[in-house]
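One letter stands for each residue in the lines below.
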Amino acid sequence: MINDIRTQVYDSLIVDTMNMLHRLKTTDIKKPELVGEKKVYKDLVRDFILLIEQLKGIYLKPGGEVYLLFDNPTSRISLQKAFYNVDRKQISSTYKEGRKKESKEFYYSLDLIKYYFLSQDSSYKCAQISNLEADDLVKPLLESELGDKDNLMITNDYDWTRYLSKRTHWLKEYKGEPITPVAFYQEHGFYPTENSIIAYKSLFGDSSDGIPNLIHKTKDHLRIFKEIYNKTPELDPKNLLFFPDVERKENKEFFDCITKEQYKFKINIQLTSSMKVDQSHFQKVLNSGRNAVLVTESVEKILGLRELQASKSFQFGNVKPPRV
């Protein structure tokens, strides 16, 4: 039984919704089916809902809350020009150019997921800002709602590690253990902060986001990076361009690469930095479930969830809590 295994529990689960849906989509997924006037992947939506419920049972405290954060639904990477100065795609034509464009049925499935959870009780909350990524919403959520709570971020997106703290942990793999800042340090050799993660990606690149590397990830270059950010974890990445002459001479090749490619380095910093979202703006887009019981029942019947939930032996994907 799940309850027989002790595991850390949290006040809130913060879900990277698009990321989770992508991870659940497999090659043997069934063809989309008509729900209302649109076709959706019913089995994919059902699996998503069941996985959320199972993760709740393992990691969420009684009375806890689930926050579902949504990307720009069309996967176009741009910024709201009404609020921000520059479009990410204008900064670099390679930014997330390799991101797979899904079918309209996939995005209709995402819409149905949002509709379903907003029909639940107020312990479920959804947030989305047009043209922004889900990871852009984590910081305003933590600052405005969850600063004094224990939180678990559920995603395998490395960008989210910048928000790791003593009270906010990261579930990278559903069958794995939540990752703390200490666990991150033990694996990567430096502590995660907003600035250290931005600096790391800006220097060494990120192929999944189409961000080119400026410095090859050699043992020596990684050692220099770790020494700098373990000594000054909150160092603004741009300040690497103005490092003391003594240290620059000792690590000449490393700093010469940054200086030589400083324009590209500044672009990478912009691309990897989260977009500033005012708390008042975030509060306006944070919606709680409205407890629409009849709507919930209707969706669950369409998806065949009622029968599955009645089976006590059902377990999604053999997800089990880690032993601690």
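Up top you'll find the structure we're talking about.
Everything numeric here is computed off the predicted structure, so don't read it as measured data. (Residues numbered from 1 in each chain as written. Predicted model: local features only at pLDDT ≥ 70, side-chain atom pairs only at ≥ 80, totals over all residues. Heavy atoms only, no water.)

Quick notes on a nonpolar patch on the surface
Together, Val182, Tyr185 and Tyr191 line one region of the surface with nonpolar side chains, adding up to about 260 Å² of accessible area. With respect to the helices and strands, the residue Tyr191 is situated in the loop between helix H6 (181-188) and helix H7 (194-204). On the accessibility criterion, Tyr191 (36% relative accessible area) is partly exposed. (Patch = residues over 30% accessible without salt bridge, like charges linked within 9 Å, V, L, I, M, F, W, Y side chains within 5 Å. Areas by Shrake-Rupley, 256 points an atom, 1.4 Å probe, with all protein chains shown as cover. Salt bridge = Lys/Arg side-chain N within 4 Å of Asp/Glu carboxyl O. Helix = DSSP H or I, 4+ residues; strand = E, 2+ residues; numbered from the N terminus. Buried < 20%, exposed > 50% of the residue type's maximum accessible area, 1.4 Å probe, protein only.)

Thoughts on the side chain of Arg162
Examined against the element boundaries, Arg162 turns out to sit in the loop between strand S6 (151-154) and strand S7 (168-171). Here Arg162 falls in the buried class, since its relative accessible area comes to 4%. A distance of 2.7 Å separates a polar side-chain atom of Arg162 from the backbone oxygen of Thr272. Apart from the residues within four sequence positions on either side, Arg162 is in contact with Thr193, Glu194, Ile197, Ile198, Thr272, Ser273 and Ser274. (Polar contact = N/O pair within 3.5 Å; in protein donor to acceptor, adjacent residues only side chain to side chain. Contact = heavy atoms within 4.5 Å.)

Thoughts on the sheet that holds strand S8 (residues 286-288)
Sheet strands line up and pair through hydrogen bonds in the backbone, either parallel or antiparallel. Strands sit in the order S7-S6-S1-S4-S5-S8 across an open sheet of 6 strands; the sheet is mixed. Edge positions in the sheet fall to S7 and S8, since each of these pairs with one other strand and no more. Within the sheet, the average angular offset between the axes of one strand and its neighbour, ignoring direction, is 25°. Inspection of the sheet shows strand S5 (residues 124-128) paired to S8 by 3 bridges, in the antiparallel sense. The residue of S8 that forms the bridge with Lys125 is Ser288. Taken strand by strand, helix H5 (residues 134-146) contacts strand S1 (10-16), strand S4 (60-70), S5, S6, S7 and S8, and its axis lies near 140° from that of S4. (Pairing = 2+ DSSP bridges. Axes fitted to C-alpha atoms, helices over the stretch in contact; angles between N-to-C directions.)

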